[in-house]
Amino acid sequence: MDSSAIWIVIALPILGFLVQSLGGGLIVKAVGEAKSKSILGFLAVAPIALAFIIGAMITTKVGAGPATVVTGPSWIQIAGFSIPFEWIVDPLSMTMVLIITGIGSLIHLYATGYMAKEKDYARFFTYLNLFIAAMLILVLGNNLALLFMGWEGVGLCSYLLIGFWYKDTANARAANKAFIVNRIGDWGLVLGLFLIVCVVLDVVPKETRLLSYDVILPALKTALVAKPALATSIGLLLFVGAAGKSAQFPLYVWLPDAMAGPTPVSALIHAATMVTSGVVLLNRMHVVFECSPVASVVVACVGAFTALYGALIAFGQTDIKKILAYSTVSQLGFMFIGCGVGAYWTGMFHVTTHAFFKALLFLGAGAVIHAMAHDQDVRNYGGLSKYLKITFATMLVGFLAIAGFPFLSGFFSKESILGAALSGNQAVIDGVNYGAICGWVGLAVAFLTAAYMTRMMLLTFGGKTERWRTIEPNHDAHGDHHGLDKDHKPHEVGATMWVPLAVLAVLSAVGGLVLNGKFEEWLYPQGLAVLPKVAEHASNLQMYSMIVAFGGMAFGAAIYWRGLPASQGWDETKWSSIRLAQRDQFGFDSLTTDLSVTGGAELSKFLDSTVEHTVTSGRALASATSGAGGVMKFLQTGFVRWYAMVMLIGVVAFIGYFALAIHGGAN
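Quick caveat, the model's predicted, so the values are computed rather than measured.

Digging into the overall build of the protein
- Along the protein, the regular secondary structure elements total 25 helices and four strands.
- Counting contacts in the protein only where the partners sit at least 6 residues apart, residues at least 24 apart contribute 81% of the total.
- As displayed, the protein has an accessible area near 27,100 Å², and 68% of this comes from carbon and sulfur atoms.

Examining the packing of helix 1 (residues 6-31) against helix 2 (residues 33-59)
- At their nearest, the axes of helix 1 and helix 2 sit 9 Å apart, and the two run at 175° to each other. By the angle class used here, helix 1 and helix 2 are roughly antiparallel.
- Here the residues of the contact of helix 1 with helix 2 are counted per class, giving 19 nonpolar, five polar and two charged.

What to know about the pattern of salt bridges
- Counted by the stated rule, this structure contains twelve salt bridges.
- Notably, a salt bridge pairs arginine 123 with aspartate 120, separated by 2.9 Å at the nearest N-O pair.
- Exposure remark for arginine 123: the relative accessible area of 22% places this residue in the partly exposed category.
- The class of aspartate 120 is partly exposed, set by a relative accessible area of 31%.

Overview of the pairing of strand 2 (residues 81-89)
- Counting buried positions along strand 2 gives eight out of nine residues, so the element sits mostly inside the fold.
- As paired elements, strand 1 (residues 68-78) and strand 2 share eight bridges and run antiparallel to each other. Bridge pairing links threonine 71 to glutamate 86 in strand 2.

Some details on helix 14 (residues 320-340)
- End to end, helix 14 covers 31 Å across 21 residues, agreeing with the expected 30 Å (1.5 Å per residue, within 8%).
- Where burial is concerned, most of helix 14 is hidden: 20 out of the 21 residues are buried.
- The N-cap of helix 14, judged by a side-chain oxygen 2.8 Å from the amide nitrogen of lysine 321 a few residues on, is aspartate 319.
- In the segment just after helix 14, glycine 342 is the residue with positive phi, at about 95°.

A short note on helix 19 (residues 495-515)
- With 21 residues, helix 19 extends 29 Å between its outermost C-alpha atoms, agreeing within 8% with the 30 Å of an ideal straight helix rising 1.5 Å per residue.
- The largest bend in helix 19 amounts to roughly 40° and is located at alanine 509.
- Among the residues making up helix 19, those that are buried are Met497, Pro500, Leu501, Leu504, Ala505, Ser508, Gly511 and Gly512.
- Where the residues of helix 19 are buried, they touch helix 3 (91-114), helix 15 (344-371), helix 16 (389-403) and helix 17 (409-423).
- One or two steps after helix 19, the chain reaches glycine 517, where phi turns positive at roughly 85°.

Conventions we followed
- Residues numbered from 1 in each chain as written.
- Predicted model: local features only at pLDDT ≥ 70, side-chain atom pairs only at ≥ 80, totals over all residues.
- Heavy atoms only, no water.
- Helix = DSSP H or I, 4+ residues; strand = E, 2+ residues; numbered from the N terminus.
- Contact = heavy atoms within 4.5 Å.
- Areas by Shrake-Rupley, 256 points an atom, 1.4 Å probe, with all protein chains shown as cover.
- Axes fitted to C-alpha atoms, helices over the stretch in contact; angles between N-to-C directions.
- Parallel < 35°, antiparallel > 145°, perpendicular 65-115°, else oblique.
- Nonpolar A, V, L, I, M, F, W, Y, C, P; charged D, E, K, R; others polar.
- Salt bridge = Lys/Arg side-chain N within 4 Å of Asp/Glu carboxyl O.
- Buried < 20%, exposed > 50% of the residue type's maximum accessible area, 1.4 Å probe, protein only.
- Pairing = 2+ DSSP bridges.
- Expected span 1.5 Å × (residues − 1).
- Polar contact = N/O pair within 3.5 Å; in protein donor to acceptor, adjacent residues only side chain to side chain.
- Bend = angle between axes of the 7 residues up to and from the residue.

In structure tokens:
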């Protein structure tokens with residue numbers, strides 16, 4: 001199958017979205033709510049699974065040669081300026097296609113069981129299919145406009161999915177928070193893209209496909225070598241965008257709150273796909289960072305700090321999904337360390353293995369929550385390994401993989417990042433090897449990761465104290481009530497939920513072993529210009545990796561083997577000051593809330609009491625405003641079609657001005 005079939009890969013989830021959104025209600029009316037869920041579930045899973053199969057067939061044809069660009073009809077064409085629908089088929093894009101559609105199809109299958117009693121079944125899968133389509137556009141688009149379309153698309157879908165249970169205040173607030181914080185990152189991305197266009201205009205003045213990767217990347221490489229300050233500006237702005245999507249400090253605050261959404265959403269968006277967008281962006285735009293050691297150092301250092309910060313906070317969490325959320329923040333920091341030290345392939349290697357074991361852990365947590373009547377507090381768990389045997393066995397594999405147990409997937413990808421950081425030479429300024437510093441920080445974080453994940457597993461599945469027996473069942477969790485009851489034991493999930501767990505467990509176990517030693521050559525067959533060649537991992541690095549993995553697990557087991565210590569129980573007044581600080585994110589989230597929300601409210605009150613009453617209430621200003629209003633009131637007709645026409649004229653004028661400006665610069 002040739003590369004032109006990539007159109008089918010993109011079209012399938014769009015088709016699924018249209019079927020669910022336009023035909024979901026009709027199917028429910030035709031066959032009834034109970035039967036319709038089987039049909040709608042199949043129609044949601046099938047397009048994504050088929051897209052994965054076609055994507056895998058295309059991937060087998062991707063070789064070591066240059067990327068293939070599949071061009072379609074023109075999207076925008078005015079005054080010599082052209083933006084076509086075009087897709088890039090290369091190892092980077094196809095790696096993400098396989099992750100998005102492969103992991104995505106498993107999560108879709110899982111969701112058919114997890115959301116089986118949800119009334120808005122079609123609406124959920126409408127959003128989920130649309131998200132897959134937007135993510136594919138992001139990674140496959142061959143120009144900056146398609147990148148931006150996909151980037152904003154996944155942001156919108158994330159908002160819709162996090163706030164799916166919009167009647168719950170926590171969900172609505174979490175969705176708003178995710179949307180707003182991502183807009184901050186998008187501000188940096190847009191400015192970076194504008195700067196790129198300005199640079200390219202000077203290098204390729206007569207090029208009509210001005211925004212396409214095969215045009216801008218060689219041009220950037222030529223132009224920025226002699227302009228490190230400009231390269232730094234572009235690199236830092238792109239990094240702001242990447243930090244927003246990939247939850248790097250300080251823009252990480254949206255991701256933990258996003259756990260309020262359904263668990264399949266957490267697994268898909270916040271473990272395997274959307275949060276890795278920033279790593280994909282850094283890989284695609286690596287030529288910018290190669291020309292700027294400063295930007296590379298910032299990426300590596302922020303990644304190292306985020307990895308450490310997320311790991312420390314995870315210790316203070318009692319919500320099982322929040323533990324995994326901060327683990328995701330920490331693991332994303334690892335990926336940025338790899339990219340920051342110039343070993344971009346290691347970041348993508350960890351993206352791949354992380355998709356396996358973190359999706360597994362999130363879905364496993366969903367199975368536990370499903371069995372525990374939507375109770376998410378690990379303090380209420382204990383002894384569940386006897387009742388949820390499949391969930392326990394699969395989550396055990398995911399736990400060992402993320403902890404860095406030898407020869408499982410996380411061991412290889414983490415070691416590749418640490419090896420690159422300790423031996424690389426790109427993140428160096430004034431003789432200081434910041435990459436090596438980040439590598440040692442990463443090694444410490446690996447210890448913490450093994451420790452807090454051991455804590456989560458032991459509190460959930462270990463111990464003889466079954467604390468859940470004393471809990472009153474929660475019948476009000478989104479109108480649903482699963483497994484646990486006062487007189488019943490938790491029960492295992494159905495096949496639609498445990499089959500994805502089993503597949504992900506196999507991938508978590510052998511995925512790293514299969515890809516190790518091959519991933520770099522696959523992702524960058526031609527090599528990168530200034531990428532340091534990572535030497536064979538010395539035996540001492542492997543020894544250190546094993547020590548921190550086993551040491552972290554031993555540390556966690558020593559504290560939690562017998563259950564939850566009294567100093568960490570329900571009475572939080574007995575918690576240590578450090579534990580309380582970890583629970584509260586060291587005060588950072590509340591600080592940002594006070595500065596933005598509370599501070600904004602106080603500012604508005606101040607402006608109201610000063611500007612409003614001392615300036616705008618003046619008679620002269622009021623008269624001027626009234627006069628201006630009288631002049632312009634003819635535009636306010638009250639007819640919606642008139643307003644739409646005015647908006648259309650404005651948009652066309654803006655595009656025309658932008659195109660003419662580019663065309664004039666090209667000449």
